[in-house]
Amino acid sequence: MLSDFRTWALDDNANSRRQAAWGRRYRVWLALKGNPLAMIGLVIIVACVALAVLAPVLAPYDPAMQELGNRLAKPSVAHPLGTDELGRDILSRLLYGGRVTLGMVIAVVVLVAPLGLAVGAVAGYFGGWVDTCLMRVTDVFLAFPRLILALAFVAALSPGVQSAILAIALTAWPPYARIARAETLTIRGTDFIEAVHMTGASSWRIVARHVAPLCVPSLIVRVTLDMSSIIITAASLGFLGMGAQPPSPEWGAMIATAKRFILDQYWVALSPCIAILMISLAFNFLGDGLRDVLDPKQS
Amino acid sequence: MNTMIDVAGLRIAFGASEVVKGVDFNVARGACFGIVGESGSGKSTVLRALAGLNRDWSGRIAFEGTPVGLKRSGAFYTKVQMVFQDPFGSLHPAQTIDRILSEFLLVNRTGDIDGRVNRALAEVALPPSVRFRFPHQLSGGQRQRVAIARALIAEPEVLLLDEPTSALDVSVQAEVLNLLADLRRRLGLTYVMVSHNLAVIAHLCEHMGVMQHGEMVEQLSTRTLREGGATHPHTRDLAALSLSLETVDAPAV
Amino acid sequence: MLVDIQDLRIAFEGNGKRFEAVRGVNLSLAPREKLGIVGESGSGKSLTARAMMKLLPPQAIISATRMQFDGVDLLTRSERQMRRIRGGRMGFVLQDPKYSLNPVKTIGTQIAESWRAHNTGSRKMAREAALDLLEQVMIRNPAKVLDAYPHEVSGGMGQRAMIAMMLAPDPDLLIADEPTSALDASVQAEILRLIDALVERRNMGLILISHDLPLVSHFCDRVSVMYMGRQMEEIAAADLAQARHPYTRGLLNCMPALNQPRETLPVLARDAAWLEETPL
């Protein structure tokens, strides 16, 4: 079955659009599989997402259940990662916290990547005053330090996950627009785009169907490399009390509350720290691997 | 004479520098007009202005007696198509041949995409098996055939050829030149071909214009050229150079 | 013999597959001799030239029964020793001067650097040597070009500067890989004539690599024709019109010619038998 798919996908004489598309995807996958670091990253990410999704099944306790008699307990059989200052099980909170943290990251990416791509590709393709306007707006957002702007936004709205997502998204899109614009500028003048122009296609069609898809690989790479910094911004907002609100478990917020007893009960802060470190590292590994596979300029 | 293309007083400037300084020529229906010149002579710029890919021109360009403006309509491109120089750069790297060929049909909402794509491939003597391949899986000659097929799928009357064979090996060049000659005969196409290679122009075209420093310094028929009737020194230079390099036993230039 | 190569093979390995890009090439070049290597893309002509200088990517596997340059066995030379031969005793002119000259240094600096790498002398001497070299490559205003950056000169001028740079160490062999294919036909002839004259005057050997068979035949004593990694034939340039091999004949025939109009061009019919490994 799998070997059938393999021969079908790798067939140089593809017989249908579907076969050609799968052949292309399969080759990318094969190239990615040959990169051990990228595979490690991918495995960690898939595992983390799976753990977060399955949190209700896997978590031994309710993440909000307090057991005040058993505060700040050391790791034990009953609580493998110990308990926090309200006697809540850290493992359960970590698993549920993954849902919040990873959910925030994914929401940010879903908002940011298409926005950046659209702004960048349109600015780059149309040029002139469209470009000037869009890029000046981008510059304004780019000029603010990400965390400060996010803080201001959250403060203006109300602290919470949604505002944190919105705040991070608003500060994260400018680099994507810049990348997409730079890519578009190199693609815009090529003969293959001129050839599409000669089919009578409208500029919007050219941007959406021919230019933008070519910007996607470098954006994907940038997204994966950016993931870790988005996680850290999300965690920082949580740490500063501007992100997810207690008692909702969020990795950054968990570290924030644990900071008071970080010297005596280090394990309370340690596990969310390790979780953030691992997932950031995993996204970086995957991003590096994807850059090698997807970026046409590398080959 | 049934004039297909009429160009008069064509001037093209990039910023302050004028690269085409008043070019006039006309091409009869079904004829092949060659523009020959060295790099920087402005020959490709003229062709791109004809194709509507350059918006910085002034003067008159008319197809079938109707002057065209700076911006071309979709209908214009059902009549005029272009084949680019570099077959590696003129095909979208992330699209299959099928996608590249069907774009015109999708944009213009014509039916029977399958049939027309297959017919276009057959027209340029490519096997149907290349249809779902990506450009990087094809050889240079095959890619240039795909580029020609893409132009033909619009069923145009005029084909603008920008150095269509200069990026190809000589043996492949012969195949592509034969294909172009054959297509013109069968489909009654009008060609305007730009090349730095006088022999290639002379092979395909009956008339040619010689460009130098943005001006068309001479227009003559291929027969006149062969009979040594060129009057402008630059044309004579190009012809002498071409002759000296195409014979293997001639003394060194 | 300046160059003596027997049964040169260049292979690439990847994904468990082995691909021989050059199979059994024999070349020899006497001092002051000019050899042309002609072939279409994928013929292995550039790989052959680069193998001579050991300038191939690390995954390339070179083997030969003999590969000597002026009696020195190139196969056993270390990278360090090769560096002295390359650019010292062998000069290499590449296709496009735009990519082979350093864009942020003046042409004079680059030639002077090349001179100082293989000669001892002061900065001033190197500059004078550079000026002299630019004069030798027939640049009309050498003092001006000396202080120009590569992007400020035309393609033909850049290629002349490149040649001047290669001449600085006074090499015994000049290898030119498509030195003129990025240039206009008129400039092309000028550059080749210049190379021709320099080779003559300095008693160098010349290996000229090109896809243009008639062009090469004007400037070389012998021509070696390659196809898909195999050598089809080696023939004196003067006898090219009487070439026997169908590939050589096909190449000469399929070019459109100004002086003999033809309705259709003969198409080269490739024969799988050409690629079989039988001794030439």
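In what follows, the accompanying structure is described. (Residues numbered from 1 in each chain as written. Chains lettered and ligands numbered in written order. Predicted model: local features only at pLDDT ≥ 70, side-chain atom pairs only at ≥ 80, totals over all residues. Heavy atoms only, no water.)

Digging into the interface of chain A and chain B
- Counting from both sides, the interface comprises 23 residues of chain A and, opposite them, 36 residues of chain B.
- Interface of chain A and chain B: buried area, both sides summed, is about 2500 Å²; carbon and sulfur atoms make up 56% of it.
- The tally of links between chain A and chain B comes to 2 salt bridges.
- Here Glu194 of chain A ties to Arg48 of chain B by a salt bridge, and the two come within 2.8 Å at their closest N and O atoms.
- Counting the contacts that link chain A with chain B gives 8 residue pairs in polar contact (both at pLDDT 80 or more).
- Among the secondary structure elements, those contributing two or more residues to the side of chain A that touches chain B are helix 2 (17-33), helix 9 (191-197) and helix 10 (203-239) of chain A.
- When its residues are assigned to classes, the side of chain A that touches chain B shows 8 nonpolar, 7 polar and 8 charged. (Contact = heavy atoms within 4.5 Å. Buried area = accessible area lost by both parts, 1.4 Å probe. Salt bridge = Lys/Arg side-chain N within 4 Å of Asp/Glu carboxyl O. Polar contact = N/O pair within 3.5 Å; in protein donor to acceptor, adjacent residues only side chain to side chain. Helix = DSSP H or I, 4+ residues; strand = E, 2+ residues; numbered from the N terminus. Nonpolar A, V, L, I, M, F, W, Y, C, P; charged D, E, K, R; others polar.)

Here's the deal with the pattern of salt bridges
- Summed over the entire model, instances satisfying the criterion amount to 44 salt bridges over all chains.
- With its nearest N and O atoms 3.0 Å apart, the salt bridge here joins Arg88 of chain A to Asp84 of chain A.
- Of the charged contacts in the structure, one is a salt bridge between Arg222 of chain C and Glu33 of chain C, with a shortest N-O distance of 2.7 Å. Of this pair, Arg222 of chain C sits in strand 10 (residues 222-227) while Glu33 of chain C sits in the loop between strand 2 (17-29) and strand 3 (34-39), and the two are 189 residues apart along the sequence.
- One connected set of salt bridges, linked through shared partners, spans Arg29, Glu64, Lys79 and Glu157 of chain B.

Thoughts on empty space enclosed by the protein
- Under the criterion given, the structure shown has 1 cavity of 30 Å³ or more.
- In terms of lining, the largest cavity is formed by Phe192, Ala195, Val196, Thr199 and His210 of chain A together with His92, Gln95, Ile100, Glu103 and Arg150 of chain B.
- Among the elements that take part in the lining of the largest cavity, helix 9 of chain A stands out by supplying 3 residues, more than any other.
- Among the residues forming the lining of the largest cavity, the class breakdown is 4 nonpolar, 4 polar and 2 charged. (1 Å grid on protein atoms, 1.4 Å probe; cavity = no way out; pocket = protein on both sides within 12 Å on 5 of 7 lines; lining within 4 Å. Points joined across faces, edges and corners; volume = space filled by probe spheres on them.)

Considerations on the environment of Thr65 of chain C
Residues and elements named next belong to chain C.
- Of note, Thr65 is situated in the loop between strand 4 (60-63) and strand 5 (66-69).
- Its relative accessible area of 62% is what places Thr65 among the exposed residues.
- With 171 residues separating them along the chain, Thr65 and Ala236 place their C-alpha atoms 25 Å apart.
- Residues in contact with Thr65, not counting those within four places in the same chain, are Gln6 and Asp7. (Buried < 20%, exposed > 50% of the residue type's maximum accessible area, 1.4 Å probe, protein only.)

A short note on the sheet that holds strand 10 (residues 215-221) of chain B
Residues and elements named next belong to chain B.
- A sheet is described by the order of its strands in space; here 6 strands give the open sequence 6-7-8-3-9-10, paired in mixed fashion. Whereas interior strands pair on both sides, the edge strands pair on one side only; in this sheet they are strand 6 (80-83) and strand 10. Averaged over neighbouring strand pairs, the angle between their axes works out to 20° when direction is ignored.
- Across 5 bridges, strand 3 (residues 32-37) lies against strand 8 (residues 190-195) in parallel orientation. Across the sheet, the residue bridging to Phe33 is Val192, located in strand 8.
- Across the sheet, helix 1 (residues 43-51) lies against strand 3, strand 6, strand 7 (158-162), strand 8 and strand 9 (207-212), angled at about 150° from strand 7, the strand it touches most. (Pairing = 2+ DSSP bridges. Axes fitted to C-alpha atoms, helices over the stretch in contact; angles between N-to-C directions.)

Focus on the packing of helix 11 (residues 251-258) of chain A against helix 12 (residues 266-294) of chain A
Residue and element names in this part refer to chain A.
- Packing of helix 11 against helix 12 brings their axes to within 8 Å, and their N-to-C directions diverge by 145°. Crossing handedness for the pair helix 11 and helix 12: left-handed. Residues Trp251, Gly252, Met254, Ile255 and Ala258 of helix 11 form the contact with helix 12, whose participating residues are Val268, Ala269, Pro272, Cys273, Ala275, Ile276 and Ile279.
- Across the contact of helix 11 with helix 12, the residue classes tally to 11 nonpolar, 1 polar and no charged. (Left-handed = near helix turned anticlockwise from the far one by under 90°.)

A closer look at the nonpolar core
- Within the largest apolar cluster, 117 residues are counted, with the highest numbers of intra-cluster contacts made by Ile148 and Tyr191 of chain B together with Val137 and Ile163 of chain C.
- Val137 of chain C has contacts with Arg160, Ile163, Ala164, Leu167, Leu194 and Leu198 of chain C, leaving out every residue within four places of it along the chain.
- Counting residues in hydrophobic clusters, the runner-up holds 71 residues, among them Ala167, Leu237, Ile255 and Trp267 of chain A. (Core = buried A, V, L, I, M, F, W, Y, C linked by side-chain atoms within 4.5 Å.)

Some points on the packing of helix 10 of chain A against helix 12 of chain A
All names here are of chain A.
- Running from amino to carboxyl end, helix 10 crosses helix 12 at an angle of 170°, the nearest separation of the two axes being 7 Å. Relative to helix 12, the element helix 10 is oriented roughly antiparallel. Side by side, helix 10 and helix 12 meet where Pro217, Ile220, Val221, Thr224, Leu225, Met227, Ser228, Ile231, Ile232 and Ala235 of the first sit next to Ile276, Ile279, Ser280, Phe283, Asn284, Leu286, Gly287, Asp288, Leu290, Arg291 and Leu294 of the second.
- Grouping the constituent residues of the contact of helix 10 with helix 12 by class yields 14 nonpolar, 5 polar and 2 charged. (Parallel < 35°, antiparallel > 145°, perpendicular 65-115°, else oblique.)

Structural notes on the interface of chain B and chain C
- On the side of chain C, 30 residues touch chain B, which itself brings 33 residues to the contact.
- For the pair chain B and chain C, the summed buried surface comes to about 2800 Å²; carbon and sulfur atoms form 60% of the total.
- At the boundary of chain B with chain C, the tally comes to 11 residue pairs in polar contact (both at pLDDT 80 or more).
- Sorting the residues of the side of chain B that touches chain C by element identifies helix 5 (170-187), helix 6 (198-204), helix 7 (222-226) and helix 8 (233-246) of chain B as the ones contributing at least two each.
- In terms of residue count, the dominant contributor to the side of chain B that touches chain C is helix 5 of chain B (9 residues).
- Classifying every residue of the side of chain B that touches chain C by side-chain character gives 18 nonpolar, 8 polar and 7 charged.

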